[in-house]
Amino acid sequence: MQQSNPILLTISNILDEIIKETDALELESNSIFHSIAAPAISIHNYLQRISKYTHCSEQCFVIALIYLDRLQEKHANLVLNSHCIHRFLLLAIVTAIKFQDDDYYKNEYYAKVGGINVKEINKLEQEFLEYMNYELFIDEQSYQVYENRLLEYGEIEMP
């Protein structure tokens, strides 16, 4: 197993806390991101898998977290729970990679990394961008606020 990246651990801990709370509420939510059963892989292991195979910058994970927060702000009725967090996370990261990094793979590759098929990732990407109203830019100040909060939360140091 690869060495755990502290920022991934912090993000997974935050998301685990959120999921614990939303799963306990047993709210009904229906979107194309929701599956019948929750995936068996932990959020932390899923993040590590994505990091290992996409070779994306660490900034993409921070940006993905910002995207997830924006989704919640824009769509208060959207429930992030164990039945959808993996798909939302994958699409937030893939979107961040395509927006932030110079090099990225085709969706067929990201689908394989994420454990879904290419038709599904294409549909999810379209839906994700619509949920975001195609507003993907994050100003430097907002990014720094998130990064600093993650550092404080996890008491880690960015390289």
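Residues numbered from 1 in each chain as written. Predicted model: local features only at pLDDT ≥ 70, side-chain atom pairs only at ≥ 80, totals over all residues. Heavy atoms only, no water.

Filter applied, for reference: UniProt positions are given in the numbering used here, feature names are shortened, and annotations may be inferred rather than shown by experiment.
Going by an unreviewed UniProt entry, the chain carries the name Cyclin and comes from Paramecium octaurelia. What UniProt states about the chain under its Sequence similarities (unreviewed entry) heading is, verbatim, "Belongs to the cyclin family."

### Quick word on helix H5 (residues 107-114)
This is how the line gets drawn: Burial status follows relative accessibility: with a 1.4 Å probe on protein chains alone, a residue under 20% of its type maximum counts as buried, one over 50% as exposed, and anything between as partly exposed. Put simply, DSSP marks the helices as runs of H or I at least four residues long and the strands as runs of E at least two long, and each gets a number from the N terminus on. Regarding the arc, it is the one traced by the directions from the helix axis to the C-beta atoms.
Buried residues of H5: Asn107, Tyr110, Ala111, Val113 and Gly114, and no others. Mapping the buried residues of H5 onto a view down its axis gives an arc of 165°, with all of them on the same face. A positive backbone phi angle near 80° is found at glycine 115, which sits one or two residues after H5.

### Topic: the state of the cysteines
Put simply, the rule is: The disulfide criterion is simple: two cysteine sulfur atoms within 2.5 Å.
All told, the structure shown has 0 disulfides when counted by the stated rule. Counting only cysteine sulfurs, cysteine 60 is the nearest neighbor of cysteine 56, a cysteine outside any disulfide, at a range of 4.6 Å. On the basis of relative accessible area, cysteine 56 is assigned to the buried category, the value being 12%.

### Brief notes about the pattern of salt bridges
The cut-off we apply is this: Throughout this description, the term salt bridge denotes a Lys or Arg side-chain nitrogen within 4 Å of a carboxyl oxygen of Asp or Glu.
In the structure shown here, the tally under the stated rule is 3 salt bridges. A salt bridge links glutamate 135 to lysine 74; the nearest nitrogen and oxygen atoms lie 2.6 Å apart. Linking glutamate 135 in the loop between helix H6 (118-131) and helix H7 (140-154) with lysine 74 in helix H3 (residues 59-74), this pair joins segments that are 61 residues apart in sequence.

### With respect to the nonpolar core
Here is the rule: As used in this record, nonpolar core signifies buried Ala, Val, Leu, Ile, Met, Phe, Trp, Tyr and Cys residues forming a set joined through side-chain atoms within 4.5 Å. Residues are treated as being in contact if the distance between any of their heavy atoms lies within 4.5 Å.
Counting residues in each nonpolar core, the largest one holds 50 residues, and the members touching the most others are Tyr67, Phe88 and Phe128. Elements that contribute at least two residues to this core include exactly helix H1 (6-25), helix H2 (43-54), H3, helix H4 (85-100), H5, H6 and H7. Once you skip the residues sitting within four places of it in the chain, tyrosine 67 turns out to touch Ala92, Thr95, Ala96, Phe99, Phe128, Met132, Leu136 and Ile138.

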